[in-house]
Amino acid sequence: MSTRLEQRRAQHQRYKEDVKEHGKPFFPGAMWHDTVMSLVVVCVIIALASIWYFTSGENPEDAGLLGPRYTEEADAGTTNFIPRPDWYFYFLFYLLRIFKWPDSVILGTVGIPTILLMLMVGLPFFDLRRERRLLRRPVAVVAAILVVLSMGVLTYKGATQEEALGGDATVVADWVDRNNLPASAREGATLFNETGCQQCHVYLGSGSANLGAPDLSDIGSLGGKTEDYFTRYVANPRTFGNNVMPVYGQANGGSLDDQQLGNLAKFLAASKGEG
Ligand code: HEC
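What counts, and where the lines are drawn
Residues numbered from 1 in each chain as written. Predicted model: local features only at pLDDT ≥ 70, side-chain atom pairs only at ≥ 80, totals over all residues. Heavy atoms only, no water. Donors = N, O, S within 2.8 Å, 3.2 Å for Na, K, Ca; no water. Tetrahedral: all angles 85-135°; square planar, octahedral: opposite > 155°, others 65-115°. Helix = DSSP H or I, 4+ residues; strand = E, 2+ residues; numbered from the N terminus. Buried < 20%, exposed > 50% of the residue type's maximum accessible area, 1.4 Å probe, protein only. Core = buried A, V, L, I, M, F, W, Y, C linked by side-chain atoms within 4.5 Å. Contact = heavy atoms within 4.5 Å. Near = heavy atom within 4 Å. Polar contact = N/O pair within 3.5 Å; in protein donor to acceptor, adjacent residues only side chain to side chain. Salt bridge = Lys/Arg side-chain N within 4 Å of Asp/Glu carboxyl O. Axes fitted to C-alpha atoms, helices over the stretch in contact; angles between N-to-C directions. Parallel < 35°, antiparallel > 145°, perpendicular 65-115°, else oblique. Nonpolar A, V, L, I, M, F, W, Y, C, P; charged D, E, K, R; others polar. Arc of directions from axis to C-beta.

Enquirer: So what's going on with the coordination of the iron atom of the ligand? Residues and values would help.
Expert: Coordination of the iron atom of the ligand by the protein is provided by His-201 (NE2) and Met-245 (SD), with metal-donor distances spanning 1.9 to 2.1 Å. Bound by six donor atoms, the iron atom of the ligand shows angles of 89 to 178 degrees at the metal and therefore octahedral coordination geometry. Of this pair, His-201 sits in the loop between helix H7 (186-194) and helix H8 (227-235) while Met-245 sits in the loop between H8 and helix H9 (258-270), and the two are 44 residues apart along the sequence. According to the relative accessible area criterion, Met-245 is buried, its value standing at 14%.

Enquirer: Please provide a residue-by-residue account of the nonpolar core, values included.
Expert: Counting residues in hydrophobic clusters, the biggest one holds 29 residues, and the most contacted among them are Trp-175, Leu-181, Phe-192, Tyr-203, Phe-267 and Leu-268. Mapped by element, the contributors of at least two residues to this core are helix H6 (169-178), H7, H8 and H9. Ranked by residues supplied to this core, first place goes to H9 with seven residues. Not counting residues within four places of it along the chain, the set of residues in contact with Phe-192 comprises Trp-175, Cys-197, Gln-198, His-201, Tyr-203, Leu-216, Leu-264, Phe-267 and Leu-268. Phe-91, Tyr-94, Leu-95 and Leu-154 belong to the second largest nonpolar core, which has five residues in total.

Enquirer: Summarise the site of the ligand; cite the residues concerned and give the values.
Expert: Of all residues adjacent to the ligand, which total 23 residues, the nearest are Cys-197, Cys-200, His-201, Tyr-229 and Met-245. One of the side-chain N or O atoms of His-201 is found 2.8 Å from a nitrogen atom in the ligand. One nitrogen or oxygen atom from the side chain of Lys-225 is found 2.8 Å from an oxygen atom belonging to the ligand. With four residues, the single largest contributor to the shell around the ligand is H8.

Enquirer: Tell me what's going on with the pattern of salt bridges, and back it up with residues and numbers.
Expert: Per the stated rule, a full pass over the model turns up seven salt bridges. For the salt bridge of Glu-58 with Arg-69, the shortest nitrogen-to-oxygen distance reads 3.5 Å. With Glu-58 in the loop between helix H2 (26-55) and helix H3 (90-98) and Arg-69 in the loop between H2 and H3, this residue pair connects regions lying eleven residues apart in the sequence. A salt bridge links Arg-136 to Glu-131, with the shortest nitrogen-to-oxygen separation between them at 3.6 Å. Residue classification places Arg-136 among the partly exposed positions, given a relative accessible area of 48%. Take Glu-131: its relative accessible area is 19%, and that puts it in the buried class. Through salt bridges that share partners, Glu-131, Arg-133 and Arg-136 make up one connected network.

Enquirer: Quick rundown of the packing of H7 against H9? Include the residues and the values.
Expert: At a closest axis distance of 7 Å, the pairing of H7 and H9 adopts a crossing angle of 100 degrees. Put simply, H7 runs roughly perpendicular to H9. Between H7 and H9, the residues in contact are Glu-187, Gly-188, Ala-189, Leu-191 and Phe-192 and Gln-260, Asn-263, Leu-264, Phe-267 and Leu-268, respectively. Class assignment of the residues belonging to the contact of H7 with H9 gives a composition of six nonpolar, three polar and one charged.

Enquirer: So what's going on with unusual backbone geometry? Which residues, and what values?
Expert: With an omega dihedral of 5 degrees, the bond running from Phe-27 to Pro-28 counts as a cis peptide bond. Its place among the elements puts Pro-28 in helix H2. Even without a glycine there, the phi angle at Asn-180 is positive, about 55 degrees. For Asn-180, a relative accessible area of 67% gives the class exposed. One non-glycine residue with positive phi stands out, namely Leu-204, at about 45 degrees.

Enquirer: A description of H3 should follow, citing residues and the corresponding values.
Expert: Buried within H3 we find Tyr-90, Phe-91, Phe-93, Tyr-94 and Leu-95. Buried residues belonging to H3 abut helix H4 (105-126) and helix H5 (138-160).

Enquirer: How would you sum up H6? Please name residues and give values.
Expert: Along an α-helix, a turn takes 3.6 residues, which lines up residues three or four apart on a common side. Inspection of H6 places Val-171, Val-172, Trp-175 and Val-176 among the buried residues, and these make up the whole buried set. The buried residues of H6 all sit within an arc of 140 degrees when viewed along its axis, so they share a single face. Residues of H6 that are exposed and point more than 90 degrees away from the buried face comprise Ala-169, Thr-170 and Asp-177. Contacts made by the buried residues of H6 are with H7 and H9. The first or second residue beyond H6 is Asn-180, which carries a positive phi of 55 degrees.

See below:
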């Protein structure tokens, strides 16, 4: 028999003896502990909920110690809202920016976290030593430090990442300047910036490239794309085989009227890239 196995058996034997000597039975010892602890947690939650409820009033302005009872109703029809995850998902959120759609995004957002989770679940099966002293476990310690560090950095980057929030006049002014946009295109430029197009499209470096949407900085210089084409395209991308982009034309259930579509089209047709 290998000495390793013998060692493990001896360790297990020692463990059994330890339990016999110093251990406490699960019932009632541990059960009692758990019951008391659970009660404490439930009481804290009830206490916090009571403080929140009884110190706040009926109106949104009557905020109590723990915030108001109601806030403004959410607007389900908004088009320029940029959804962001809760802070503890920022690291995953930032991975989405490192791994680009569509080539590596599955690897980055599903693959890597899954591999890490599986390593953790499997840990008791491949690390069988009883060694607990940190200095004797360099691999585990370095791995733990690296994971915490990288999650910290990714969380920080995700939290401070600039979003294409829309409605930013300086961004539009910058486009007019760099892309030499005529006056007739400015209305459309503002609309483009406010309508949420930059959630998927990049324009002169602003916005984020998502779901395979092209950079539109010089879309007007690519042959055969007229104002009329852009009007019809944005009104209903489905008829052009684009099933990803939202339908914007009011006639098709979207949010933009003909005048707005026309303005957007003027802007897109005038976008010929820098220089
Ligand atoms: C949810 C993501 C998304 C949003 C939001 C979005 N688009 Fe798109 N758009 C796409 C994708 C993806 C394509 C490319 C489809 C393809 O290549 O088949 C595209 C293509 C286009 C094209 C066609 C370019 C060409 O080569 O003919 C235009 C123009 C365009 N979008 C304009 C807009 C405008 C204007 C808005 C805002 C009013 C907008 N898009 C909002 C995803 C989006």
